Amino acid sequence: MAVEVSAAPVEGEAPFPVSGAEARPSLRCYLARLESLQSGTDASPAPGGNSGRRTELHLLFDQLISETCGPRTEAPRPQDVCDLLVQACKLVPLNQEHLVNKVCQLIHLLLSRFEVMVDDDSLNFLLPYFISALKQCSSWTHVEILQALAASVYCNGPKCQKYLPDLLGENGLLVQFSSPAQTDIELKRAAVNSLANLCLSIPGLLYLDEPYKEICFQIFLNVLQSSKAPGVDDITFCMLLQNALKGIHSLLNGGTMKLMQTDQLGSLLAVLKKCMFHGLPGVNIEIPAILYPTLLPQYDSRSQVEQEKSEVASLKPPVSRRKKPKAKQKKGKQEGELKDDEECSRGSEKPTFSGDAQQNPGLDIWRLSVDETRTTPLKDNFPSHTQSYKRISSSDSEYSDAECGMQSKTRSFQAAVRQGALICLLSTVKSIEKKVLYGYWPAFVPDTPGIGSPQSLSLITIALKDPSPKTRACALQALSAILEGSKQFLSIAEDANDHKRAFTPFSVTIASSIRELHRCLLLALVAESSYQNLTQIIKCLANLISNAPYSRLKPGLLTRVWNQIKPYIRHKDVTVRVLSLTLLGSIVSAQVPLPEVQLLLHQPTSSGLECSGSATPRSSGASEWQKKAPGEPPLSTENAPEDPCWLIRLCISLIMLPREDGYSDNDAGNLPPASIYEPSPVRLESLQVLALLVRGYFSVSQSYLLELGEVVCRCMEEMDPSIQLHAAKLLDELGMGIIKQHKPDSAVAPDQRVPVDLVVTFWTRMLNGPLPGALQNSQHSRLQTSACNALSSILPEAFSSLPADKQILCITVLLGLNHSENPAVKVAAARAVGDYVLFPCLRQDVMFVTDAANVILDSFSDGSPHVRAKAAWSLGNLTDTLIINMELMGQSFQDEFSDVLLLKMLQAATEASKDKDKVKSNAVRVIGNLLRFLQPAHIANPRFSKPIEESIQALISMVQSEATMKARWNACYALGNVFKNLALPLGESLWTAQAYDALTSVVKSCKNFKVRIKSAAALSIPAKRKHYGTPGQFSQIWSALVVALQKSEEAENFQEFKYSTSLRTQLCHALLHMLTLADEEDLAGIRKMVAEHGEVIGSYMLQYLKSGIDEEETGIGKSFCQRGELLKKAIEHVQGIEELSACPMKRGAVACLEEVLKIHNAAVGLAET
């Protein structure tokens, strides 16, 4: 297995030159030669016995090392490499230290050069050899031995368990060599590198045991906390830090190590912040040993001079980053200059990033070796904000070329340390909980500096001022990871009102941090020249906008982003263009609707194009594409609104109009040679932005309805499946926007809504276009799914006005797609049918309702739980339609509906109530509707007797079960529906007591108040006294309601308290309803409860009469007057019964209620006066 080996670089080795013309023996030849030496069968033994054999080995090893360091040849088989190294070690006794040193050097070079991971057998031979060599050989050999050890254990850490006590035990070799007391820096570096490679594992395989992880972590932490000792050169110290950072990254990567202790996490974050700024010009910062969670920055220990220089430099980032390279080019640039990070002046045209490095910059950072940094001086290529570097590296420098070359190399290694620290920070951010992470927010995210105060050092400092593009990219990735998912934390930010207090509230502090992030990221956007880093900046802005609470902040932040990102939409790099559109999409989807965004959407088309200050993008205004828009017949703008939306016009032009000029090479892979349009990613993102805009700001986009419909049609006619899919999603959003606007509770005035006749025109064009073809495109199931969703979003009022053939087309296609073999298509089709059965023009059509019921029932036996869940939801809608038709049409509709189908639906729903929670929650809803729909003829039919009994038992079981609260809520609602059917033997059947017992148990003890409310509502539904059963049953229900009233303020979850008023309202309503039905036999139980809890009942009854009602929760919807009348009715009813009684002591219940009514009437009269 060939893998990349990250081993320490070999320094100071002078390999033997090998001419490219020489014939090179293969590795197997060397292996055969070594085996012959082992067996003593060499045909030409060297004179001198052991001495000659030793000389022969020296020559063989020298030749192997020379060839390994020479020009790259075809890689040998990994097994051959392992066999050769094992054979070489067998020939080298530990007392021959020069040979030991040389064979270890060979092992390191071969494994690193050919990227070989040592197999298990070879590892079991080599590790004991290295351990014995470290114990027996002189100290001068230890560095080479450790380098060979590091290369051998790379990705093999879990396989070294039996050797870990010798290496990582209490007196383990690696622990000793890497201890703070170790003075040999090269030995310490090699030991730390070995530890780092031990910690690295292949994903999916075993990792080191936890105790050894802790040992390694502490060693790495001690190394990072240490200072550079006198006499140690900067490059060696940087390599030591790199190895420690590599080890920490290996431990954290993939979540293999969890940072549970505050001190452990604080220590790590402290050293990472220290290393983030290691060698950064102009920054000298002292970090405490531990960072603690805090709300305010802990320190800023830079000198005042450094702070002033840094602040001045940050005001002019574009000047220092764009003019320097031009001046340098005039002097002539030598070939062989620093090519990786130190090509990194801000003026470099386009640094090379691999695809993997974009996602995980850690892949390449750890491999920086001395050989990769043999460069000539970089001289003047650094930004002007570092005045000291500018003086040192100018052409007038007093330093020699060799010294400048060493400075360039040093800066390269320092940049690699900063990158390694940022990569570790990224892994740390991903491995800890968000609520823990945000305690350290001030340490890494900037805050607005106070008057006269410098800006704190943060990730933004690196993004703005680091000369290395890769380091800036790493900082932006870490910042983006911190911002991702921060909505809950940032939601407390608020600065909409000026606070005038003696202290700064935390909400204002977070708001200030959000503003500073905006300011700095926009500065970075203007200053950056690397295309890859531009994309990272835009991603950070998009993450920030997606999580910041702009409704609680002063307006203006989004306006600056909006205006500054506009020119980048015409950037020559396709990725930058796509992400610019993504950022605009984030703006229009952030906490919709925002007044600031409303204004931006109506902003003049040229506004903001000159605001970027960037020389990178081509500053072309929207007018360039608008000139062409009238020339496109389908997209004519004659009827466009007087105040056009710049963003809609832009997106339409990017989707529909030919591109105007060439772009960067990045586009070549995305466009066919003959394509005249924008690259596919740009067009897809434009469609997504339109969909987000329609969803959040439909009032802005409704003026473009027909034009957007034409865009949908044109895109769905294309061959690119992705374009078709996103066009169908846009159509779905347009349909949903129209439906929301026409809802009865819509805040949009009727004259401001899209006219129904225009909606009819729109959907007629869709159904005459490519939509039917997309619905029947079985080769593209995702397109079918999106087309189904779009078809379900037709406005019901418009559907009834469509031509008859179009209505039949929609119904036929949807019913047919319910038999699709693709689960996603079946889900979408079932959902669409569930919407259609609620259309007023279709729900009274018995034939359609019957056909819909049959196709839905077929889906109940589908193997996919998603299909079954959506089928249950659709059948719930269909049974809602049955109830509506029963109330509107009466007996005629019930007589037309098939008894057989009704029975099948009841049986299917009863069986589905045993399914998964998402299925059963709608299945019980279906049962309740059907049992309410049944007529006396059905109930008397023997075929229905058992299914009815089973279905009611299913409801009772669901109420008492541990299912989801939604399922139990629906079950209570369903029992209420059962109680509404006067044809059922409520109060007489055996299941009556079981149903009441279940409901009374829930109303007293369920932890979810919404379930309690619905159970109380069900108990208040029976319309006659006989439906409540025996006097004992009646008394039990009334008592349970009183107990529930007492417990209405006891909640396990604080969030349930918001429903407590609605619960008490429903309970009081149920109590009074039962009193209006009570018989003389029931008063004994009522009198007892009133005697025991009269004060509680009276107080809550008074609240019931005074308080408002949440009609949605209780379903009562009675006014103050109606509630008072209900109380009077209950008093009069009970009073009438008691007057007939011979015992006057029974008047206690009436007295209690009369007192409540008296207090209430007095309060109302006082309020009226």
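Residues numbered from 1 in each chain as written. Predicted model: local features only at pLDDT ≥ 70, side-chain atom pairs only at ≥ 80, totals over all residues. Heavy atoms only, no water.

Naming follows an unreviewed UniProt entry, where the protein appears as HEAT repeat-containing protein 6 of Eublepharis macularius.

### A word on helix H49 (residues 965-980)
The end-to-end C-alpha distance of H49, which contains 16 residues, comes to 23 Å, matching closely the 22 Å that a straight helix rising 1.5 Å per residue would cover. By the burial criterion, the buried members of H49 are Ala-967, Arg-968, Asn-970, Ala-971, Cys-972, Ala-974, Leu-975, Gly-976, Asn-977, Val-978 and Phe-979. On its buried face, H49 is in contact with helix H46 (917-933), helix H48 (942-960), helix H50 (990-1005) and helix H51 (1009-1019). (Helix = DSSP H or I, 4+ residues; strand = E, 2+ residues; numbered from the N terminus. Expected span 1.5 Å × (residues − 1). Buried < 20%, exposed > 50% of the residue type's maximum accessible area, 1.4 Å probe, protein only. Contact = heavy atoms within 4.5 Å.)

### Describing the packing of helix H42 (residues 846-859) against helix H43 (residues 865-889)
Their axes nearest at 9 Å, the elements H42 and H43 cross at an angle of 155°. For the element pair H42 / H43, the angle class is roughly antiparallel. Where H42 crosses over H43, the two elements pack in a sense that is left-handed. From H42, Val-849, Ala-852, Ala-853, Ile-856, Leu-857 and Ser-859 reach across to H43, where they touch Val-867, Arg-868, Ala-871, Ser-874, Leu-875, Leu-878 and Leu-882. (Axes fitted to C-alpha atoms, helices over the stretch in contact; angles between N-to-C directions. Parallel < 35°, antiparallel > 145°, perpendicular 65-115°, else oblique. Left-handed = near helix turned anticlockwise from the far one by under 90°.)

### Remarks on the nonpolar core
Formed by 353 residues in total, the largest nonpolar core has its most connected members in Leu-647 and Tyr-836. Here this core gets 11 residues from one element, more than from any other, and that element is helix H11 (residues 234-252). Not counting residues up to four positions away in its chain, the partners in contact with Tyr-836 are Leu-791, Ser-792, Ile-794, Phe-799, Cys-810, Ile-811, Leu-814, Leu-842 and Phe-848. (Core = buried A, V, L, I, M, F, W, Y, C linked by side-chain atoms within 4.5 Å.)

### Details of the confidence of the model for the protein
Keep in mind that low pLDDT regions are not for reading the predicted coordinates in detail. When pLDDT is averaged along the protein, the result is 80; 77% of the residues meet or exceed 70. pLDDT under 50 marks residues 1-24. Its contacts with residues more than four places away, or in other chains, come to 57 contacts. Under a pLDDT of 50 for its full length, residues 296-400 has, in the predicted model, 200 contacts with residues more than four places off or in other chains. (pLDDT = per-residue confidence, 0-100.)

### Some thoughts on the state of the cysteines
Within this structure, the stated rule accounts for zero disulfides. No disulfide involves Cys-89; its sulfur sits 6.5 Å from the nearest other cysteine sulfur, which is in Cys-104. (Disulfide = S-S within 2.5 Å.)

### Things to note about the packing of helix H9 (residues 185-199) against helix H10 (residues 210-225)
Here H9 crosses H10 at 140°, and the two axes come no closer than 11 Å. Judged by the angle between their axes, H9 and H10 are oblique. Seen from above, H9 lies across H10 with left-handed handedness. From H9, Lys-188, Val-192, Leu-195, Ala-196 and Cys-199 reach across to H10, where they touch Cys-216, Ile-219, Phe-220 and Val-223. Broken down by class, the residue content of the contact of H9 with H10 amounts to eight nonpolar, no polar and one charged. (Nonpolar A, V, L, I, M, F, W, Y, C, P; charged D, E, K, R; others polar.)

### Focus on helix H40 (residues 823-836)
Between its first and last C-alpha, H40 extends 20 Å over 14 residues, near the 20 Å set by a 1.5 Å rise per residue. Of all 14 residues that make up H40, 10 are buried, and the element is covered over most of its length. Of the positions making up H40, those classed as buried are Val-825, Lys-826, Ala-828, Ala-829, Ala-830, Ala-832, Val-833, Gly-834, Asp-835 and Tyr-836. On its buried side, H40 packs onto helix H37 (781-791), helix H38 (796-799), helix H39 (804-817), helix H41 (840-843), H42 and H43. The N-terminus of H40 is capped by Asn-822, whose side-chain oxygen sits 3.0 Å from the backbone nitrogen of Ala-824. (Polar contact = N/O pair within 3.5 Å; in protein donor to acceptor, adjacent residues only side chain to side chain.)

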